[in-house]
Amino acid sequence: MADKVKLSKDGSSIDFVQSDSLPTSLKKFRQSPEIEGFYRFIFENDLQKEAFEILDRIIIQRKAKKAGAKKEAAAAAKEEKAAAAAAAAAKAPAKGKKK
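Residues numbered from 1 in each chain as written. Predicted model: local features only at pLDDT ≥ 70, side-chain atom pairs only at ≥ 80, totals over all residues. Heavy atoms only, no water.

Novice: Describe in detail the overall build of the protein, supporting the description with residues and values.
Specialist: Counting its regular elements, the protein contains three helices and two strands. Starting at the N terminus, the α and β elements of the protein follow one another as β-β-α-α-α. A buried classification covers 8% of the 99 residues belonging to the protein. Contacts spanning at least 24 positions in sequence make up 38% of the contacts within the protein whose residues lie at least 6 apart. If you sum the accessible surface of the protein, you get close to 9,400 Å²; carbon and sulfur atoms cover 59% of it. (Helix = DSSP H or I, 4+ residues; strand = E, 2+ residues; numbered from the N terminus. Buried < 20%, exposed > 50% of the residue type's maximum accessible area, 1.4 Å probe, protein only. Contact = heavy atoms within 4.5 Å. Areas by Shrake-Rupley, 256 points an atom, 1.4 Å probe, with all protein chains shown as cover.)

Novice: Go over the environment of F41 with me, naming the residues and quoting the values.
Specialist: As for its position among the elements, F41 is in helix 2 (residues 33–44). With 27 residues separating them along the chain, F41 and I14 place their C-alpha atoms 8.3 Å apart.

Novice: With reference to specific residues and values, describe the pattern of salt bridges.
Specialist: When the charged atoms of two side chains lie near each other, side chains of opposite charge can form a pair. Scanning all chains against the criterion turns up one salt bridge. Across the pair R40 and E36 runs a salt bridge whose closest N-O atoms are separated by 3.7 Å. With R40 and E36 both in helix 2 and four residues apart, this pair spans about one turn of that helix. On the basis of relative accessibility, which here comes to 23%, the residue R40 falls in the partly exposed class. (Salt bridge = Lys/Arg side-chain N within 4 Å of Asp/Glu carboxyl O.)

Novice: I'd like a rundown of helix 2, residues and numbers included.
Specialist: The terminal C-alpha atoms of helix 2 lie 16 Å apart, and with 12 residues this matches the ideal 16 Å at 1.5 Å per residue to within 8%. Considered for burial, the residues of helix 2 that qualify are I35, G37, F41 and I42. End-on, the buried residues of helix 2 take up no more than an arc of 160 degrees, which puts them together on one face. (Expected span 1.5 Å × (residues − 1). Arc of directions from axis to C-beta.)

Novice: Which residues make up a negative patch on the surface, and what values do they have?
Specialist: A contiguous patch of negative charge, built from D46, E50, E53 and D56, is present on the exposed surface. For E50, the location among the structural elements is in helix 3 (residues 48–91). (Patch = residues over 30% accessible without salt bridge, like charges linked within 9 Å, V, L, I, M, F, W, Y side chains within 5 Å. Lys, Arg positive; Asp, Glu negative; His and termini not counted. Charge placed at Lys NZ, Arg CZ, Asp CG, Glu CD.)

Novice: I'd like to hear about unusual backbone geometry, residue by residue, with values.
Specialist: A negative phi angle characterises most non-glycine residues, just as the trans form characterises most peptide bonds. Phi is positive for D46, which is not a glycine, with a value near 50 degrees. Assignment of secondary structure puts D46 in the loop between helix 2 and helix 3.

Spatial relationships are all this shows, so hold off on functional conclusions.
What follows is the structure in structure tokens.
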């Protein structure tokens, strides 16, 4: 792997070496050429603070989205349970009534 990160010709993006296989573990993912190049780019350009802030925002957004989905699933389950109880009550014959 090259010592420096390569920028595109116009300087607007980073050129990474892409591997054909997907990493199977977290350790291998961190050591993949793409991620290693990204880390090197951040370090060489002294962007640690900015990278941390961006990643922190992404984590907060994902947690909020996950919490929203969890609340939505709980509400749907509660509705489904209430509907099942109502259907069961409608099927059951009324007690104490004779024909």
